[in-house]
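Observations on the model geometry
Okay, here's what each chain looks like letter by letter:
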Amino acid sequence: MTATFVKHLECSICAKEHSAREVHTVCSSCGKSLLVRYDLPAARSALRKDELRSRPGGFWKYRPLLPVESDDAVTSLGECVTPLVAVPETAKRLGLAELWVKDEGVLPTGSFKSRGLAMAVSRARELGVTELCIPSAGNAGGALAAYASRAGLKSHVFMPDDTPAANIVECHAYGAEVELVRGTISDAAAAMAQKRASHPHWFDISTLKEPYRLEGKKTMGYELAEQLQDELPDVIVYPTGGGTGLIGMWKAFEEMERLGWIGPQRPRMISVQSSGCAPIVRAFEAGQDRSEFWENAATVASGLRVPRAFADHLILDAVRKSGGSAVAVSDDDLLREALHVAADDGLFLCPEGGAAVAALKVLRARSQIRSDERVVVFNTASALKYVEAFQHCSVIPR
Ligand SMILES: *Cc1c(COP(=O)(O)O)cnc(C)c1O
Ligand SMILES: [Zn+2]
């Protein structure tokens, strides 16, 4: 069977086509994100959904719908299909019949960044890239460092100097060159750009500035359909930084519909941010299709500390088309919810996962989610990567 049904790369804005066989970052004419396009009619007749789903190897089972061509290029650290765990006590507390947590904390490096970086590192290696660089709020740097180590590639990680210790330690452990920068991921990106001027062969693996991290993250959508027997949830609550996962799942749903796997129904996509850094929420509420840079961004949910997402328009577009919304919650509330779920249901959520539950509470209070709706919340990392945030927090549930 064909290893992959990739056809070409297509610009998300001007639709210009680019070859998928060459190294590309962003669109060569307008500078926006490139999306991988597949020959879905051919895939539809060649693939058997149940056979694909029964394969081992975590998200790699979807290889025909992923960009990596050769088996040799696949860089794997033992990824699994992440569990969809019911949280019945939390559901009861929020007045919901059904609430599930997709627990991404069990992936290699303890966060869902491994999905995107496994894919992007594998494909970069396949295309002959030898050195990778990334600005990161934390977990992306760790995942890049791990997969680069596995692939035998060099990695350079630029992170804020107040990134959780676990992220800094793991990057060093995997042999990355680490540069700590005062400020946020935006300042880290600026420092990286400066350094790249004298290292032009470094490949920039920033989210949505290359086409393949999105393909890794879209597998969350494929897994959800698999785990829910093709009945997608009514609502997906997603803690949003760069938006890769939200945009990726939205793309996966479209692909699956064209493959004949699911119908036209879509979950309402809820984008959650911290009130200390909520550019997407502000743009959503103002009815804008782009966001503005968030000054003095600050939150313990480090994965959400992205003052401006490069693909903000794609996030806002997916949220609006889905009939969803965007919600900001305070750091106190997100930590409180993370601890509350841990105490009640035995699942310790990371601050970003706590934010998703806190947002759900807000939406229930506003009657924007009915009690009989099926809701999936994403826990995007292991809480244990954030011990400082919980250690120093004064918030105690109940
Ligand atoms: C990166 C990150 C996010 C945000 O993910 P995006 O797909 O870039 O929006 C959320 N939670 C955690 C733990 C992260 O590391
Ligand atoms: Zn373009």
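Shown above is the structure to which this text applies.
Presented here is an overview of the structure given in this document. Source: prediction; values computed, not measured.

**Remarks on the sheet that holds strand 5 (residues 98-103)**
With respect to topology, 6 strands assemble into an open sheet ordered 4-5-13-10-11-12, the strand pairing being mixed. In this open sheet, the two strands that pair with only one neighbour each are strand 4 (84-86) and strand 12 (325-329). Adjacent strand axes in the sheet meet at a mean angle of 25 degrees when their direction is disregarded. In this sheet, strand 11 (residues 268-274) lies alongside strand 10 (residues 235-239) in parallel orientation, the contact comprising 5 bridges. What sits directly across from Ile 236, in strand 11, is Met 269.

**Focus: the environment of Lys 113**
Of note, Lys 113 is situated in helix 4 (residues 113-126). Taking relative accessible area as the criterion, Lys 113 reaches 16% and is therefore assigned buried. Lys 113 sits 26 residues away from Asn 139 along the chain, and the two C-alpha atoms are 6.3 Å apart. Apart from residues no more than four positions distant in its own chain, Lys 113 is found in contact with Asn 139, Ala 140, Ala 143, Arg 213 and Lys 217.

**Description of the coordination of the zinc ion (ligand 2)**
Here the zinc ion (ligand 2) is held by Cys 11 (SG), Cys 14 (SG), Cys 27 (SG) and Cys 30 (SG), and the distances to it run 2.3 Å. Around the zinc ion (ligand 2), the 4 donor atoms are arranged such that angles at the metal cover 96 to 123 degrees; this shape is classified as tetrahedral. Along the chain, the residues donating to the zinc ion (ligand 2) are arranged with the sequence spacing C-x2-C-x12-C-x2-C. Highlighted residues: Cys 11 in strand 1 (residues 6-11) and Cys 27 in the loop between strand 2 (17-18) and strand 3 (34-38), separated in sequence by 16 residues. The buried category is assigned to Cys 27, whose relative accessible area is 4%.

**Things to note about the sheet that holds strand 6 (residues 131-135)**
Spatially, the 4 strands line up as an open sheet ordered 8-7-6-9, and their pairing is parallel. Whereas interior strands pair on both sides, the edge strands pair on one side only; in this sheet they are strand 8 (177-181) and strand 9 (203-204). Where strand 7 (residues 154-160) meets strand 8, 5 bridges bridge the pair, whose relative direction is parallel. By the bridge assignment for strand 8, Met 159 is matched with Leu 180.

**What to know about the site of ligand 1**
Of all residues adjacent to ligand 1, which total 18 residues, the nearest are Lys 113, Tyr 238, Gly 241, Gly 243 and Thr 380. Take Gly 241: an N or O atom from its main chain is 2.7 Å from an oxygen atom of ligand 1. Between Gly 242 and ligand 1, the recorded distance is 3.1 Å, taken from a backbone N or O atom to an oxygen atom. For ligand 1, whose accessible area on its own is 380 Å², the fraction buried by protein is 96%. Among the secondary structure elements, those contributing two or more residues to the shell around ligand 1 are strand 10 and helix 9 (244-258).

**Things to note about the packing of aromatic side chains**
In total, this model carries 8 aromatic pairs according to the counting rule given. Relative to Trp 261, the ring of Tyr 222 lies with its centre 5.8 Å away and its plane at 85 degrees, an arrangement referred to as edge-to-face. Taken together, the residues span a long stretch of sequence, with Tyr 222 in helix 8 (residues 212-227) and Trp 261 in the loop between helix 9 and strand 11 at a distance of 39 residues. Take Trp 261: its relative accessible area is 9%, and that puts it in the buried class. Above the ring of Phe 310, the side-chain terminus of Lys 209 is found at 5.1 Å from the ring centroid.

Rules and cut-offs
- Residues numbered from 1 in each chain as written.
- Chains lettered and ligands numbered in written order.
- Predicted model: local features only at pLDDT ≥ 70, side-chain atom pairs only at ≥ 80, totals over all residues.
- Heavy atoms only, no water.
- Pairing = 2+ DSSP bridges.
- Helix = DSSP H or I, 4+ residues; strand = E, 2+ residues; numbered from the N terminus.
- Axes fitted to C-alpha atoms, helices over the stretch in contact; angles between N-to-C directions.
- Buried < 20%, exposed > 50% of the residue type's maximum accessible area, 1.4 Å probe, protein only.
- Contact = heavy atoms within 4.5 Å.
- Donors = N, O, S within 2.8 Å, 3.2 Å for Na, K, Ca; no water.
- Tetrahedral: all angles 85-135°; square planar, octahedral: opposite > 155°, others 65-115°.
- Near = heavy atom within 4 Å.
- Polar contact = N/O pair within 3.5 Å; in protein donor to acceptor, adjacent residues only side chain to side chain.
- Areas by Shrake-Rupley, 256 points an atom, 1.4 Å probe, with all protein chains shown as cover.
- Phe/Tyr/Trp six-rings, centres within 6.5 Å; stacked < 30°, edge-to-face > 60°.
- Lys NZ or Arg CZ within 6 Å of the ring centre and 35° of its normal.

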